[in-house]
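Okay, here's what each chain looks like letter by letter:
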Amino acid sequence: MARKKKPRRTPAWMGRLMFVAIVLGVIFTLSYGSGAHIAVRYLNPSFGAWWNSNEFAIVECAAAAVGMLIGIRIGARLVDSALKNRSMIAAVIVGAIVLPIVGRLSAEVARFRFTSGGSVTASLIDRFGYDVGSILDKLLTAGVYSIKIALFALPVGMILFGVAIAIFMTSDRAGDTAAATSK
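Heads up: these notes are all about the structure in this document. In this text the structure is predicted, and so the values were computed from the model without any measurement.

The next point concerns the overall build of the chain. Looking only at helices and strands, the chain features six helices and zero strands. Ordered by position in the sequence, the α and β elements of the chain form the string α-α-α-α-α-α. The buried share among the 183 residues of the chain stands at 32%. The contacts of the chain with a sequence gap of at least 6 include a subset with a gap of at least 24, amounting to 81%. Total accessible area on the chain stands at roughly 11900 Å², and carbon and sulfur atoms take up 68% of it.

If you want it as structure tokens, here you go:
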């Protein structure tokens, strides 16, 4: 008896985009948090200078891209329609266009502190010493910042997918109505 193959819920291209965004986010968040641009500057000064001046923007955009892609994937799972693939493509294209704006706005919102005090910093420094504790605190802060940016960008991805599916649904209905009246 032949086993039925389940249809893929997410296209392969979407998985690759997600992988690239996550890898860029992790690399540049770790680089920003640990100050790794200094090592890059020793190896290649001009590339290290570019890396240092752009790593924060890449952290913001990579985290926003992850959030928007997750939002688009969640939106696509909520819809069972033939228009899902076209809507995903349209939402990703529009998301790529508005990515710098979403990244900047999400970063501004992510900068708000929801807690106060330096208890985490103090405990890391007490536990590991000043040198290691301050680096771990910076890495933790950069990681939490990236996660907050992704969480604030997630609804934008869902909205983009929702608008794309609505546009395609109305254009298909308008085409069906025009075809029915011309017969």
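Tracing the backbone shows isoleucine 149 in helix α6 (residues 130-182). As for isoleucine 149 and alanine 63, which are separated by 86 residues in sequence, their C-alpha atoms are 5.8 Å apart.

Examined against the element boundaries, serine 31 turns out to sit in helix α1 (residues 12-34). At 2.7 Å, the side chain of serine 31 forms a polar contact with the side chain of glutamate 55. Those residues within four positions of serine 31 in sequence are excluded, and the remaining contacts are Ala36, His37, Trp51 and Glu55.

This part takes up α1. Given a rise of 1.5 Å per residue, 23 residues ought to cover 33 Å, and the 33 Å separating the end C-alpha atoms of α1 matches this to within 8%. Listed as buried for α1 are Met14, Met18, Ala21, Gly25, Phe28, Thr29, Ser31 and Gly33.

This next bit is on the pattern of salt bridges. Using the criterion set out here, one finds one salt bridge in the structure. Arginine 104 serves as the salt-bridge partner of glutamate 60, at 3.7 Å between the closest nitrogen and oxygen. With glutamate 60 in helix α3 (residues 45-78) and arginine 104 in helix α4 (residues 84-110), this residue pair connects regions lying 44 residues apart in the sequence. With a relative accessible area of 42%, arginine 104 lands in the partly exposed category.

Relative orientation of the contacting elements α1 and α3 amounts to 145 degrees, with a least axis distance of 8 Å. For the pair α1 and α3, the sense of crossing is left-handed. Here Met14, Leu17, Met18, Ala21, Ile22, Leu24, Gly25, Ile27, Phe28, Thr29, Ser31 and Tyr32 of α1 come into contact with α3, specifically with Trp51, Glu55, Phe56, Ile58, Val59, Ala62, Ala65, Val66, Leu69, Ile70, Ile72 and Arg73. Residues that form the contact of α1 with α3 fall into these classes: 19 nonpolar, three polar and two charged.

Okay, the packing of α3 against α4 next. Where α3 meets α4, the closest approach of the two axes is 8 Å, and the angle between their N-to-C directions is 145 degrees. You can see that α3 and α4 cross each other, and the crossing is right-handed. On α4, the residues that touch Glu60, Cys61, Ala64, Ala65, Met68, Leu69, Ile72 and Ala76 of α3 are Lys84, Met88, Ala91, Val92, Gly95, Leu99, Pro100, Val102, Gly103, Arg104 and Ala107. Split into classes, the residues belonging to the contact of α3 with α4 amount to 14 nonpolar, two polar and three charged.

What follows covers a nonpolar patch on the surface. On the surface, Phe19, Val20, Val23, Leu24 and Ile27 cluster together into a nonpolar patch covering about 430 Å² of accessible area. Position of phenylalanine 19 relative to the elements: it lies in helix α1. What makes phenylalanine 19 exposed here is its relative accessible area of 57%.

Glancing now at the packing of aromatic side chains. Summed over the entire model, instances satisfying the criterion amount to five aromatic pairs. Centre to centre, the rings of phenylalanine 28 and tryptophan 51 are 4.6 Å apart; their planes meet at 25 degrees, and the pair counts as stacked. Here phenylalanine 28, found in helix α1, pairs with tryptophan 51, found in helix α3; they are 23 residues apart in sequence, far enough to count as distant. Per residue, the accessibility class of phenylalanine 28 equals that of tryptophan 51, and both read buried. Taking 5.6 Å as the distance between ring centres and 15 degrees as the angle between the ring planes, the aromatic pair formed by phenylalanine 56 and tyrosine 145 counts as stacked. You can see phenylalanine 56 sitting in helix α3 and its partner tyrosine 145 sitting in helix α6, a full 89 residues away along the chain. One aromatic cluster is present, formed by Phe28, Phe47, Trp50 and Trp51 through successive ring pairs. For the cation-ring pair, arginine 86 lies above phenylalanine 168, with the distance from its terminal atom to the ring centre recorded as 4.8 Å.

The rules behind each value
Residues numbered from 1 in each chain as written. Predicted model: local features only at pLDDT ≥ 70, side-chain atom pairs only at ≥ 80, totals over all residues. Heavy atoms only, no water. Helix = DSSP H or I, 4+ residues; strand = E, 2+ residues; numbered from the N terminus. Buried < 20%, exposed > 50% of the residue type's maximum accessible area, 1.4 Å probe, protein only. Contact = heavy atoms within 4.5 Å. Areas by Shrake-Rupley, 256 points an atom, 1.4 Å probe, with all protein chains shown as cover. Polar contact = N/O pair within 3.5 Å; in protein donor to acceptor, adjacent residues only side chain to side chain. Expected span 1.5 Å × (residues − 1). Salt bridge = Lys/Arg side-chain N within 4 Å of Asp/Glu carboxyl O. Axes fitted to C-alpha atoms, helices over the stretch in contact; angles between N-to-C directions. Left-handed = near helix turned anticlockwise from the far one by under 90°. Nonpolar A, V, L, I, M, F, W, Y, C, P; charged D, E, K, R; others polar. Patch = residues over 30% accessible without salt bridge, like charges linked within 9 Å, V, L, I, M, F, W, Y side chains within 5 Å. Phe/Tyr/Trp six-rings, centres within 6.5 Å; stacked < 30°, edge-to-face > 60°. Lys NZ or Arg CZ within 6 Å of the ring centre and 35° of its normal.

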